[in-house]
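A look at the structure
Each chain, letter by letter, is given below.
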Amino acid sequence: MLDFFQEFFSYTFIVRAVIVGSLVALCAALLGVSLVLKRFSMIGDGLSHVGFGTITLGIGLNALGLNLAPLSVSLPLVIIAAFLLLRISENSKIKGDAAIALISGSSLAIGVIIAAKTTGMNTDVCNYMFGSILAMKKDDVYLSIALSVVVLILFILFYHKIFAVTFDEAFARATGTKAGIYNMLVALLTAVTIVIGMRMMGALLISSLIIFPALTAMRVCKSFRPVTILSAILSVTCFFTGMLLSFLYSTPAGASVVVVNLIVFCLFSLLGKIRKSGATI
Amino acid sequence: MTLLTCDKLSVSYNRITALKNVSFHVDDGDYLCIVGENGSGKSTLIKAILQLIGTESGTITLNGIRQTEIGYLPQQTVVQKDFPASVFEVVLSGCLNRKGRNPFYGKAEKALALEKLAELGIATLKNKSYRDLSGGQQQRVLLARALCATRKLIVLDEPVTGLDPLVTTELYATIKELNGKQGIAVIMVSHDIQGVLESANKILHVNVEPVFFGSPSDYLNTSVGQRMTGGTTHA
Ligand SMILES: Nc1ncnc2c1ncn2[C@@H]1O[C@H](COP(=O)(O)OP(=O)(O)O)[C@@H](O)[C@H]1O
Ligand SMILES: [Mg+2]
């Protein structure tokens, strides 16, 4: 057992992936609670697709000789998309869902065409879609540490405001909370989390990291704080378990993490059903 | 003393007029009931008072109370019905406008939340989950939250929708008591005018344009008033 962990952690790329991934999983879980409860889950999904499109754009520009890090092309565009998607969702729930689906599909399509026309549909593109733990460089480690510190601090400082805005935006605004700012803050942090986590988890898989932990926690917890805390713990635990399984059985990392999340979700759903009449947490 | 004055207020959504030239005023300790058909602009009026939406023309003046110190009980949204939050968490969120720059709630806010829970007879529900409560209990929780946010004025938008008659009567009695004993002014949108006629001291009837503003007894003498009350309580 000890040997196994020694071997596991002897690879630099695994250590990096574990650090970045755990931090991204933590941030995603915290933000996810608010997104899921506000019926904004689609925003996370939409953003990851936009993320894919913009990353291929970044690679494409590089292939054309423009020397820009794909991340620096992707990040601002995804942030803009986040504000856009937020506006759409706020203004109309039903048409909003459809609009986000359109944006997702379009970003994916544009991304694939750019990739095919520049670098070709190579392993790079595949890695961005489904993730690669080899993608994490030293800079990503620093960036993800900085991000998660910021997310954690903001989340703790504004925890009560975020709760109020999530539970009842009209009341929060009526009593003087600038709900728009907190919605934008959550959207912004989600955008950054997605861009950082996307290359490891995969553009098509990263949104599960936002949605699963919150949903799982809600199966068993009945108040907001326990939901938030359990969601964060579950997210990091599932990530780590997924990485171990991926290493053990040579399965793709991102997909393994999502499958672990799925299994835990099913277990907690069952647990929630069984003790439905149980006490409040 | 006049708490709130609304003068020739007009509101429109994308150039469709929802309210036109509505004027009324609310004094300290008043109980104003807003009535009107579905879609007549009642919720719009409430949202304008709370500055949740912009107005097209006219003025809303508050006196002796700050904009953020109005206790609001919104029309329930679907999202809330299934929200994982404890009763205490919900009620405490009514203190958000009191805690200033402090990111966390202090002893005073927690004590206030407990006090309001007790006042509304739901102290035992403190640690229960909001989503597991009955409709009537949920409304009481939201009322407690509104009371945490205000000292003088609560605004309620159709608070008894979906409640059974007994629970409705109880909630009306509680609101009347808050109004009578604590002198908290009440603005309430209600479908069921019969239930509030004896509590309210002012009636505002809107149908995009103002139809009536005055005392309940005067309202009952108007033809529209008789129609709204089913003509049973002829004055
Ligand atoms: N956000 C909105 N956008 C456009 N029209 C709206 C909006 N909210 C309400 N309306 C319209 O304004 C009118 C008044 O609505 P509302 O104030 O909710 O009525 P009430 O509460 O009296 O039933 C209705 O015709 C409604 O369709
Ligand atoms: Mg209404």
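If you're wondering where the values come from, they're calculated on a predicted model, not measured in any experiment. (Residues numbered from 1 in each chain as written. Chains lettered and ligands numbered in written order. Predicted model: local features only at pLDDT ≥ 70, side-chain atom pairs only at ≥ 80, totals over all residues. Heavy atoms only, no water.)

1. Side note on the overall build of chain A
A count of helical and extended segments in chain A gives 13 helices and zero strands. The N-to-C order of helical and strand elements in chain A reads α-α-α-α-α-α-α-α-α-α-α-α-α. For 281 residues, the compact-globule formula gives about 19 Å, and the C-alpha radius of gyration of chain A, at 19 Å, lands near that figure. For the C-alpha atoms alone, the extent of chain A along its principal axes is close to 55 × 50 × 30 Å. When the 281 residues of chain A are sorted by exposure, 53% land in the buried category. Restricting to contacts in chain A with at least 6 residues of sequence separation, those with at least 24 account for 78%. Accessible surface, chain A as shown: approximately 12,200 Å² in total, 72% of it carbon and sulfur. (Helix = DSSP H or I, 4+ residues; strand = E, 2+ residues; numbered from the N terminus. Rg over C-alpha atoms; globule rule 2.2 N^0.38 Å. Buried < 20%, exposed > 50% of the residue type's maximum accessible area, 1.4 Å probe, protein only. Contact = heavy atoms within 4.5 Å. Areas by Shrake-Rupley, 256 points an atom, 1.4 Å probe, with all protein chains shown as cover.)

2. A few points about helix α5 (residues 135-149) of chain B
Since there are 3.6 residues in each turn of an α-helix, residues three or four apart along the chain are aligned in direction. For α5(B), spanning 15 residues, the distance from its first C-alpha to its last is 21 Å, which sits close to the expected 21 Å at 1.5 Å a residue. Most of α5(B) sits out of view: 13 of its 15 residues are buried. (Expected span 1.5 Å × (residues − 1).)

3. Digging into the site of ligand 1
Residues and elements named next belong to chain B. Near ligand 1 the following residues occur: Y13, A18, E37, N38, G39, S40, G41, K42, S43 and T44. Here Y13 contributes a side-chain N or O atom positioned 3.4 Å from a nitrogen atom of ligand 1. Separating an oxygen atom of ligand 1 from a side-chain N or O atom of T44 is a distance of 2.5 Å. If ligand 1 stood free it would expose 560 Å²; the protein chains cover 56% of that surface. When residues of the shell around ligand 1 are assigned to their parent elements, the largest contribution, three residues, is made by helix α1 (residues 42-49). Taken together, the residues that form the shell around ligand 1 break down as two nonpolar, six polar and two charged. (Near = heavy atom within 4 Å. Polar contact = N/O pair within 3.5 Å; in protein donor to acceptor, adjacent residues only side chain to side chain. Nonpolar A, V, L, I, M, F, W, Y, C, P; charged D, E, K, R; others polar.)

4. Notes on the sheet that holds strand β2 (residues 16-27) of chain B
Residues and elements named next belong to chain B. Spatial ordering of the open sheet is given by β2-β1-β4, a layout of three strands whose pairing is antiparallel. In the strand order of this sheet, the two ends are held by β2 and β4 (57-62), each with one partner. Strand-to-strand twist in this sheet, taken as the mean axis angle between neighbours without regard to direction, amounts to 15 degrees. The sheet contact formed by strand β1 (residues 2-13) and β4 spans five bridges and is antiparallel. Pairing of C6 across the sheet is with I60, part of β4. (Pairing = 2+ DSSP bridges. Axes fitted to C-alpha atoms, helices over the stretch in contact; angles between N-to-C directions.)

5. Observations concerning the confidence of the model for chain B
In the predicted model, chain B carries a mean pLDDT of 91, and 97% of its residues have values of at least 70. We note a pTM of 0.90 for the whole complex and an ipTM of 0.92 for its interfaces. (pLDDT = per-residue confidence, 0-100.)

6. Things to note about the packing of aromatic side chains
As enumerated under the stated definition, the model contains 21 aromatic pairs over all chains in all. A centroid spacing of 5.5 Å and a plane angle of 70 degrees characterise the contact between F4(A) and F5(A), whose relative ring orientation is edge-to-face. Using a relative accessible area of 24% as the deciding quantity, one classes F5(A) as partly exposed. Put simply, the rings of F4(A), F5(A), F8(A), F9(A), Y11(A), F13(A), F240(A) and F247(A) pair up and form one aromatic cluster. In this structure, K99(B) packs its charged tip against the face of Y105(B), placed 5.9 Å from the ring centre. (Phe/Tyr/Trp six-rings, centres within 6.5 Å; stacked < 30°, edge-to-face > 60°. Lys NZ or Arg CZ within 6 Å of the ring centre and 35° of its normal.)

7. Describing the interface of chain A and chain B
The extent of an interface is frequently quoted as the accessible surface area lost upon association of the parts. Listed per partner, the contact involves 27 residues of chain A and 34 residues of chain B. Summing both partners gives a buried area of about 2,600 Å² for chain A against chain B, and 65% of it is carried by carbon and sulfur. The interface formed by chain A and chain B includes two salt bridges. Among the ionic pairs, K222(A) bridges to D132(B), the shortest N-O distance being 3.2 Å. Run the count over chain A and chain B and you get ten residue pairs in polar contact (both at pLDDT 80 or more). Of all the secondary-structure elements, those providing two or more residues to the side of chain A that touches chain B are α7 (138-157), α8 (159-167), α9 (169-174) and α12 (224-249) of chain A. Among the residues making up the side of chain A that touches chain B, the classes are represented as 14 nonpolar, seven polar and six charged. (Buried area = accessible area lost by both parts, 1.4 Å probe. Salt bridge = Lys/Arg side-chain N within 4 Å of Asp/Glu carboxyl O.)

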